[in-house]
2 protein chains.
Amino acid sequence: MQPVRLGLVGIGKIAVDQHLPAIAANAGFRLAATASRHGQVEGVDAYAHIADMIAVARLDAISLCTPPAGRHALALTAIEAGLHVMLEKPPAVTLSQVEALVGAARTAGVTLFATWHSREAAGVAPARAWLLDKRVEAVRIHWREDIRRWHPGQEWILGPGGFGVFDPGINALSIASEILPHQLVVESATMDVPQGRASPIAATLTMRCGLAEVRGEFDFLQTGPQDWSIEVDTDAGTLRLGMGGALLQLPGEAERPADDQEYPRLYERFANLIARREIDVDMRPLQLVADAFLIAERRVTDPFIF
Amino acid sequence: MQPVRLGLVGIGKIAVDQHLPAIAANAGFRLAATASRHGQVEGVDAYAHIADMIAVARLDAISLCTPPAGRHALALTAIEAGLHVMLEKPPAVTLSQVEALVGAARTAGVTLFATWHSREAAGVAPARAWLLDKRVEAVRIHWREDIRRWHPGQEWILGPGGFGVFDPGINALSIASEILPHQLVVESATMDVPQGRASPIAATLTMRCGLAEVRGEFDFLQTGPQDWSIEVDTDAGTLRLGMGGALLQLPGEAERPADDQEYPRLYERFANLIARREIDVDMRPLQLVADAFLIAERRVTDPFIF
């Protein structure tokens, strides 16, 4: 079978760190072109705009790693040109945009894959399997990172549709909604929004999962040790996922470290979805963030400067 | 057939103005009990709490017209007791709460009806029918009312989960999503939030419907003439819905005024749904509001005092 001729859109940090190595390692794809205002890849045809790339390069599929705000329009352009589309998380900045993309993909008969890379972290699938027959009693999510270290100069992240601390926090929600045996229901939220910004720099979220309380703490001002962990108290002890899902610790066992295979797995799955012309879009993580914004108590905090 | 023995929960303004007359006029229902902290209905068994009402009165169904924030818990209590449930709009304050209620109703095998009363306004069904074969070119939504006149002292409406001006504004979105021939997609929003409040007192919303721009203006500080109108420019002229959907004006025709039958129609539909044990929950209006909160640019405005 011929490899899928892929166009990569948005050559920034996540493209360079994750997408390019994963694409290079997957024989099912051939990187045929890039579209980006700033970045390019040596030896690959580079375009400034997605429309030019689609018109000139003969592509089968595109993968989008631009910032979330423009993703819907770019994805729609590609879908309407008959290309399969893979989306970085979050798939768009509103739920109605995601639904519109699903509708367009159905009409065009192409694959649409809304990725949640944290769900591919090494500990997630075994955590899900272990929790299946347990009674969940309480869940604590801690997602605390330093915005200046991981998102230097990314002003959009605190703007409208940037989701603020829920840009990383949605990764926690993508894991929690994957591993927990019952649906998550948002009950209340608080948000600290720096003066003059639209999106929160810190937040808490109180949810239910069956009868268990699920409490999330999200902080973008964490200096020192970074913390992306989920603890689940059950009738058989406490499960702990650390390092954004990479490290799993089950009660009475040692930590299970494992290689980071998140993006290679995403591209493997994209290839399989294309082969079957399937759509894989799970809106739950974005819905939980929307729910948080809908009911949050907000505090205005000091201005934030990167 | 025996009438459905109905318990009415939350005896406030909307119950007195709308629900009680509609129930009294429908032979399919018998008002068997009420649950309310403050109000009661002469000649009907009154309880302070829903759990007491459910335990003592032999009910088939309940109708909930309490403020939105507590609705999910009350509805869940009734569903788990095996009762059919009708919900005032919005059905709950988060999307995940609504989905949880749908799941519970399926499990219990009862009817769940999330009402959108404005969709039953006289002009809505004919507007939808007329628009089916038109090309929509632009849509203007104006939803401007005086919060002090229509919501006196309702502090919750500007609090977390009160939705602010989207408490009435969701009625406009329930109509627009019903009559327009394509899905609404939220692109941007602005919100004016009074200092110290969580929800907006004024907002704008920019959406797409196919290729047409849909522009909503929502204002809670409208004195003088009140305005709840939707104008739809099409290739066959402009359709105008006024008075919250009650008045329909088609191009070249006179206004069509009609009786207000919103709540009688809702109870008629509830009776039919119960007879067929069906669930009728459309989350689209709430999803559009969630999308607006998710991406809104916010301005803090002067404190608001009722």
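Here the structure is a predicted model, which is why all the values come from computation and not from measurement.

Q: What am I meant to see in the overall build of chain A here?
A: When helices and strands are tallied, chain A shows 9 helices and 15 strands. For 306 residues, the compact-globule formula gives about 19 Å, and the C-alpha radius of gyration of chain A, at 19 Å, lands near that figure. Structurally, chain A occupies a C-alpha span of about 55 × 45 × 35 Å along its principal axes. Put simply, chain A has 306 residues, and 58% of those count as buried.

Q: Sorry, what's going on with the domain arrangement of chain A here?
A: By a widespread convention, an interface's size corresponds to the accessible area lost as its parts come together. Residues and elements named next belong to chain A. Domains assigned within chain A are domain 1 (4-114) and domain 2 (118-257 + 290-301). Here domain 1 and domain 2 have C-alpha centroids that lie 27 Å from each other. Each side of the interface is counted separately: domain 1 has 8 residues, and domain 2 has 9 residues. Between domain 1 and domain 2, the buried area comes to about 640 Å², and carbon and sulfur atoms account for 69% of it. Considering only the surface of domain 1 that becomes buried against domain 2, K89, P90 and V93 emerge as the three largest contributors, covering 53% of it.

Q: So what exactly am I meant to see when it comes to the pairing of strand 8 (residues 184-194) of chain A here?
A: Two faces make up the sheet, and in a regular strand the side chains alternate between them. All names here are of chain A. Counting buried residues along strand 8, 8 of its 11 residues qualify, which places the element largely inside the surrounding structure. As paired strands, strand 8 and strand 9 (residues 202-209) are joined by 8 bridges and run antiparallel to one another. Bridge pairing in strand 9 places A189 opposite L205.

Q: For this particular structure, what's the right way to read the UniProt feature "domain: Gfo/Idh/MocA-like oxidoreductase N-terminal" (unreviewed entry) in chain A?
A: Summarizing the sequence annotation, UniProt attributes the feature "domain: Gfo/Idh/MocA-like oxidoreductase N-terminal" (unreviewed entry) to residues 5-113 of chain A in the numbering used throughout. For residues 5-113 of chain A, helix accounts for 39% and strand for 23%, while the C-alpha atoms at its two ends are 16 Å apart.

Q: What am I meant to see in unusual backbone geometry here?
A: Trans is the prevailing form of peptide bonds, just as negative phi is the prevailing case for residues other than glycine. Cis geometry is adopted by the peptide bond preceding P90 of chain A, which originates at K89 of chain A and carries an omega value of -15°. Tracing the chain through its elements places P90 of chain A in the loop between strand 5 (84-87) and helix 4 (95-108). Positive phi, normally seen in glycine, also occurs at F163 of chain B, with a value near 70°. Phi is positive for M243 of chain B, close to 50°, though the residue is something other than glycine. Note on placement: M243 of chain B falls in the loop between strand 12 (237-242) and strand 13 (247-249).

Q: Just to check I follow, could you spell out the pattern of salt bridges for this structure?
A: Pairing between side chains becomes possible if they bear opposite charge and their charged atoms approach one another. All names here are of chain B. Within this structure, the stated rule accounts for 38 salt bridges over all chains. Measuring nitrogen to oxygen at the nearest pair gives 3.6 Å for the salt bridge that ties R119 to E178. One end of the pair, R119, is in the loop between strand 6 (112-114) and helix 5 (124-131); the other, E178, is in helix 7 (residues 166-179), and 59 residues separate them in sequence. Among the residues examined, R119 registers a relative accessible area of 13% and is labelled buried. Given a relative accessible area of 21%, E178 falls into the partly exposed group. The salt bridge involving R128 is made with E178; its shortest N-O contact spans 3.9 Å. In this pair, R128 sits in helix 5 while E178 sits in helix 7, placing the two residues 50 residues apart along the sequence.

Q: Can you walk me through the packing of helix 3 (residues 71-80) of chain B against helix 4 (residues 95-108) of chain B in this structure?
A: Think of two packed helices as two axes; the pair is described by the angle between the axes and how far apart they sit. All names here are of chain B. With their axes 10 Å apart at the nearest point, helix 3 and helix 4 run at an angle of 5° to one another. One finds that helix 3 runs roughly parallel with respect to helix 4. Seen from helix 3, the contacting residues are H72, A75, L76 and I79; seen from helix 4, they are Q97, A100, L101, A104, A105 and A108. Tallied by class, residues from the contact of helix 3 with helix 4 come to 8 nonpolar, 2 polar and no charged.

Q: Looking at this structure, I do not really get the interface of chain B and chain A. What am I missing?
A: Across the contact, 30 residues belong to chain B and 30 residues belong to chain A. In total, chain B and chain A occlude about 2,400 Å² of area from one another, counting both sides; carbon and sulfur atoms represent 60% of this. At the junction of chain B with chain A, the criterion picks out 0 salt bridges. There are 16 residue pairs in polar contact (both at pLDDT 80 or more) connecting chain B and chain A. Counting only elements with at least two residues in the side of chain B that touches chain A, the list comes to helix 4, strand 8 (184-194), helix 9 (284-295) and strand 15 (297-301) of chain B. Of all the elements, helix 9 of chain B adds the most residues to the side of chain B that touches chain A, at 9 residues.

Q: Quick question: what am I supposed to make of the nonpolar core here?
A: Core analysis: the biggest nonpolar cluster contains 120 residues, and F166 and L180 of chain A together with F166 and L180 of chain B have the highest contact counts within it. When sequence neighbours within four positions are dropped, the list of residues in contact with L180 of chain A reads L131, V136, V139, C209, V214 and V232 of chain A.

Q: Whenever I open this one, helix 4 of chain B confuses me. Can you help?
A: Residue pairs three or four apart in sequence face the same way in an α-helix, which turns once every 3.6 residues. Residue and element names in this part refer to chain B. For helix 4, built from 14 residues, the straight-helix expectation of 20 Å at 1.5 Å per residue is met to within 8% by its first-to-last C-alpha distance of 20 Å. Buried residues of helix 4: L95, S96, Q97, V98, A100, L101, V102, A104 and A105, and no others. Following helix 4 by one or two positions, G109 has its phi on the positive side, about 70°.

Q: Honestly, the relation of the copies chain B and chain A in this entry has me stumped. Any pointers?
A: Superposition of the two copies of the chain requires a rotation about an axis together with a shift along that axis. The two copies are related by a screw motion: chain B maps onto chain A through a turn of 180° and a shift of 0.0 Å along the axis, at an RMSD of 0.0 Å. The two molecules are tied by a two-fold rotation axis, judged by turn and shift. Looking at the interface residues of chain B, 100% of them are also at the interface in chain A, so both copies use one shared face.

Cut-offs used in this document
- Residues numbered from 1 in each chain as written.
- Chains lettered and ligands numbered in written order.
- Predicted model: local features only at pLDDT ≥ 70, side-chain atom pairs only at ≥ 80, totals over all residues.
- Heavy atoms only, no water.
- Helix = DSSP H or I, 4+ residues; strand = E, 2+ residues; numbered from the N terminus.
- Rg over C-alpha atoms; globule rule 2.2 N^0.38 Å.
- Buried < 20%, exposed > 50% of the residue type's maximum accessible area, 1.4 Å probe, protein only.
- Domains from an automatic or database assignment.
- Contact = heavy atoms within 4.5 Å.
- Buried area = accessible area lost by both parts, 1.4 Å probe.
- Pairing = 2+ DSSP bridges.
- UniProt positions renumbered as here; feature names shortened; annotations may be inferred.
- Salt bridge = Lys/Arg side-chain N within 4 Å of Asp/Glu carboxyl O.
- Axes fitted to C-alpha atoms, helices over the stretch in contact; angles between N-to-C directions.
- Parallel < 35°, antiparallel > 145°, perpendicular 65-115°, else oblique.
- Nonpolar A, V, L, I, M, F, W, Y, C, P; charged D, E, K, R; others polar.
- Polar contact = N/O pair within 3.5 Å; in protein donor to acceptor, adjacent residues only side chain to side chain.
- Core = buried A, V, L, I, M, F, W, Y, C linked by side-chain atoms within 4.5 Å.
- Expected span 1.5 Å × (residues − 1).
- Least-squares fit on C-alpha atoms with pLDDT ≥ 70 in both.

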